[in-house]
Amino acid sequence: MRCHSLTLREIHLKLVTPFETSFDRTTERRIILAEVRVDGVSGWGECTAGESPFYSPEDTDTCWHILKNYLWPMLRGREWNSAADVWALLEQVRGHNMAKATVETAIWDAEAKLKGVPLWRLLGGERTEIPCGVSIGIKDSLTELSAAVKKELAAGYQRIKIKIKPAKELPQVQRLRQDFPHIKLMVDANSAYRLEDLSLLQQLDAYYLMMIEQPLGWDDLFGHVEIQKSLQTPICLDECIHTYEHAAAAISLGACKIINIKLGRVGGLLQAKRIHDLCQRHNIPVWCGGMLESGIGRAQNIALSTLPNFSLPGDVTASQRYWHEDVICPEVTVTPSGTIRVLDAPGIGFAPRLDRISSLTVRQDHLT
Ligand code: OSB
Ligand code: MG
């Protein structure tokens, strides 16, 4: 296979409701979409970097820069047998995983389309229906939070994750356990705590949460080892896991019992699959995280989630939870039992809506 061109488009998409975490508040996304032309077909990928470097070191602009000035020159004119070979061609660039994943996932889509198979089958996926949870941002009041949870449960979602931050966490969790004693509930701190907060986090043990996601620093494996030793509730790592080696270290040190795999954070589908396989060998369940993606990124996440060790509900949800109108056809929908049915069309299985994408595009670069 040979990649003839890479088209980068930055689209702006307004969220249905602002999304607040312990580190930021997002009202409009700036998303880079990548379209690769490989042997006559188009493959699509999405950059999951945020608008600011507050979740991880990358942002929309660093990704554009790295894609255009480093990654594309490394791919231009090269040949490869499979999308699985692409990671190695980009390895000279250290880090910048979200930039790498943008083009790598697009090439996987193209390969699946060239072979006429769904991407999920090309990856070795097995599930035809994936279990879904939701991630609920920080709300202004507990009443609003409780109402948001009620709405998502009514839509069928199988587990509820709420974003927490210091001083808000106990009242949030107490209120939800009072209103919804039996639901699958978890919290995501996005690195808002420190080792000194251990006794506070221990108080969360009383609420039988499925897991506490990323309480400590974005790169602090050591701290999580200490915390996991002193907590009943499983720790799930998100921000800390950027590579296969980080995942191996986290598992062997006992820094977590669950891992959230995000395509962008680990550099694409090949690395996501390697980390998935490693976790499976060590009986560490995984689930697929989300980054407020448009339909392209959502479709990639669905394909990844069909792998067998994605046994916990992920943060992959219906298009309409985030967008008034998505950029793919059909939109992603969720069944009343809180699952997404996997499509059998070739590649990512959802068609990019070119007219809509071009009307949302604020900058474009066609690289050849
Ligand atoms: O930590 O999982 C996270 C969104 C932006 C940045 C980080 C995270 C999130 C989410 C949203 O939780 C998940 C989704 O896309 O639904
Ligand atoms: Mg998270």
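For the structure itself, consult the block above.
Described below are features of the structure shown in this document. Model, not experiment: these values are computed from the prediction.

Of regular secondary structure, the chain possesses 13 helices and 15 strands. Relative to its length of 368 residues, the chain is compact, with a C-alpha radius of gyration of 20 Å against a globular reference of 21 Å. For the chain, the spread of C-alpha atoms along the three principal axes comes to 55 × 40 × 35 Å. Taking all 368 residues of the chain together, 60% fall into the buried category. Taking contacts inside the chain between residues at least 6 apart in sequence as the whole, the part at least 24 apart equals 72%. Summed over its atoms, the accessible surface of the chain is roughly 14,100 Å², and 51% of this surface lies on carbon and sulfur atoms. Side-chain charges in the chain split into 41 positive and 44 negative, and the spacing between the mean points of these groups amounts to 2 Å.

How two aromatic rings sit relative to each other is set out by the distance from centre to centre and by the angle between their planes. Tallying each qualifying case throughout the model produces three aromatic pairs. Ring centres 6.3 Å apart and planes at 65° place the aromatic pair Phe19 and Tyr322 in the edge-to-face group. Separated by 303 residues along the polypeptide, Phe19 in strand 1 (residues 3-20) and Tyr322 in the loop between helix 12 (295-304) and strand 12 (328-329) bring together distant segments of the chain. Residue Phe19 shares its accessibility class with Tyr322, and that shared class is buried. Members of the aromatic cluster, each reached through a chain of ring pairs, are Phe19, Tyr322 and Trp323. Here the basic side chain of Arg159 rests over the ring of Trp287, its NZ or CZ set 4.9 Å away from the ring centre.

Six octahedral donors around a metal ideally sit at 90 or 180 degrees from one another, while four tetrahedral donors ideally sit at 109.5 degrees. Summarising the metal site, the magnesium ion (ligand 2) is bound by the protein donors Asp188 (OD), Glu213 (OE) and Asp238 (OD), whose distances to it range over 2.1 to 2.3 Å. Taken in sequence order, the residues that donate to the magnesium ion (ligand 2) follow the motif D-x24-E-x24-D. On the criterion of sequence distance, the pair formed by Asp188 in strand 7 (residues 185-188) and Glu213 in strand 8 (residues 212-213) is long-range, its members being 25 residues apart. Note on Asp188: relative accessible area 0%, which makes it buried.

Across the sheet, which stays open at both edges, the seven strands sit in the order 5-6-7-8-9-10-11 with parallel pairing between neighbours. With partners counted over all chains shown, the strands left at the sheet margins are strand 5 (133-136) and strand 11 (286-288), one partner each. As paired elements, strand 8 and strand 9 (residues 235-237) share two bridges and run parallel to each other. By the bridge assignment, Ile212 is partnered in strand 9 with Ile235.

Each value, and the rule that gives it
Each chain has its residues counted from 1, running along the sequence as written. Ligands are numbered from 1 and chains lettered from A, in the order in which they are written. With pLDDT at 70 or above as the cut-off, local features in this predicted model cover only qualifying residues; side-chain atom pairs require 80 or more to be listed or tallied, and sums for whole chains, interfaces and linings still use all residues. Excluding hydrogens and water, the side-chain values take into account all heavy atoms of the structure. Numbering goes from the N terminus for both helices and strands, where a helix is a DSSP run of H or I of at least four residues and a strand is a run of E of at least two. The globule rule used here is 2.2 Å times the number of residues to the 0.38 power, and the radius of gyration it is set against is calculated over C-alpha atoms. The classification of residues rests on relative accessible area computed with a 1.4 Å probe and restricted to protein chains. Under 20% of the type maximum is buried, over 50% is exposed, and intermediate values are partly exposed. By definition, residues are in contact when any of their heavy atoms lie within 4.5 Å. The protein chains shown are the only cover counted for residues, whose accessible areas, like all others here, come from Shrake-Rupley with a 1.4 Å probe. Only four residue types enter the tally: Lys and Arg on the positive side, Asp and Glu on the negative side; His and the chain ends are excluded. A charge is said to be at NZ when it belongs to Lys, at CZ for Arg, at CG for Asp and at CD for Glu. Centres within 6.5 Å are what make two rings of Phe, Tyr or Trp a pair, Trp counting through its six-membered ring; a difference in plane orientation under 30 degrees is then read as stacked, over 60 as edge-to-face, and the rest as tilted. Two conditions define a charge located above a ring, namely a distance within 6 Å from the ring centre to NZ of Lys or CZ of Arg, and an angle within 35 degrees of the ring normal. A donor here means an N, O or S atom no more than 2.8 Å from the metal, or no more than 3.2 Å when the metal is Na, K or Ca. Since water is not included, a site may seem to lack partners. Each pair of strands is called paired provided DSSP finds at least two bridges between the two strands.

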